[in-house]
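# Structure assessment
Spelled out, the chains give:
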Amino acid sequence: RKEVEQDPGPFNVPEGATVAFNCTYSNSASQSFFWYRQDCRKEPKLLMSVYSSGNEDGRFTAQLNRASQYISLLIRDSKLSDSATYLCVVMPISGGYNKLIFGAGTRLAVHP
Amino acid sequence: DAGITQSPRHKVTETGTPVTLRCHQTENHRYMYWYRQDPGHGLRLIHYSYGVKDTDKGEVSDGYSVSRSKTEDFLLTLESATSSQTSVYFCAISARAGGTNEQFFGPGTRLTVL
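Summarised in this report is the structure supplied together with it.

Criteria and cut-off values
- Residues numbered from 1 in each chain as written.
- Chains lettered and ligands numbered in written order.
- Predicted model: local features only at pLDDT ≥ 70, side-chain atom pairs only at ≥ 80, totals over all residues.
- Heavy atoms only, no water.
- Helix = DSSP H or I, 4+ residues; strand = E, 2+ residues; numbered from the N terminus.
- Buried < 20%, exposed > 50% of the residue type's maximum accessible area, 1.4 Å probe, protein only.
- Contact = heavy atoms within 4.5 Å.
- Salt bridge = Lys/Arg side-chain N within 4 Å of Asp/Glu carboxyl O.

### Details of the overall build of chain A
- Along its length, chain A carries zero helices and eleven strands.
- Each principal axis of the C-alpha atoms in chain A carries an extent, and together these give about 45 × 30 × 25 Å.
- Looking at the 112 residues of chain A, the share that counts as buried comes to 46%.
- Taking all contacts inside chain A whose residues are at least 6 apart in sequence as the whole, residues at least 24 apart take part in 57%.

### Regarding the pattern of salt bridges
Residues and elements named next belong to chain B.
- If you walk through the whole model with that rule in mind, you get eight salt bridges over all chains.
- Between R44 and D38 there is a salt bridge; the shortest N-O distance is 2.8 Å.
- Put simply, D73 and K70 hold a salt bridge, and the shortest N to O gap is 3.3 Å.
- With relative accessibility at 41%, the residue K70 sits in the partly exposed group.
- Ionic contacts of the salt-bridge type, sharing partners, join the residues R22, K70 and D73 into one network.

Here you go:
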């Protein structure tokens, strides 16, 4: 079983739609959680950290459910520019030097 | 954008040849990492460094070695390249370990081993 699992998609949605991705992780002792965004043939970039109480950044909302070991990302009012792959990232508590475990990503395609 | 460059950006080589990839940063960050990214897999850590001359193995370190003689440079060497090492290689840096510290990634090197 992979340590971090994501639905690869693609999620094809029209502009203005709301879309949600989930990600599950296997290590119950995981400490920190993130969503990264990766555009085609580019490097990953941090989108947002995920806090226990949930957090929002503009159109993006991230939630953490430790009991069920999943995190989610909600995108409201989708834009064409949101088309990318979204990587779920977990930092295990025993990871030491900021070792990150990456999911394989969920691809989002927003169309006009 | 964080000052991270990788060279070369693209390379095609033959099985059995040595290959060295370079990561250069201008941020003076202590931690540096090498990952590979393959279809169907998340980024996987190859090696990382926590200071000059201080390195350690990641989850997929077999067939790779690294060196860090200066804060700004982190080299990844494939001693004898194999087709299974065809991949996209990303270097990353971070100022600190742990917590919510962000890792910044370089633009990547696309390596093809024939």
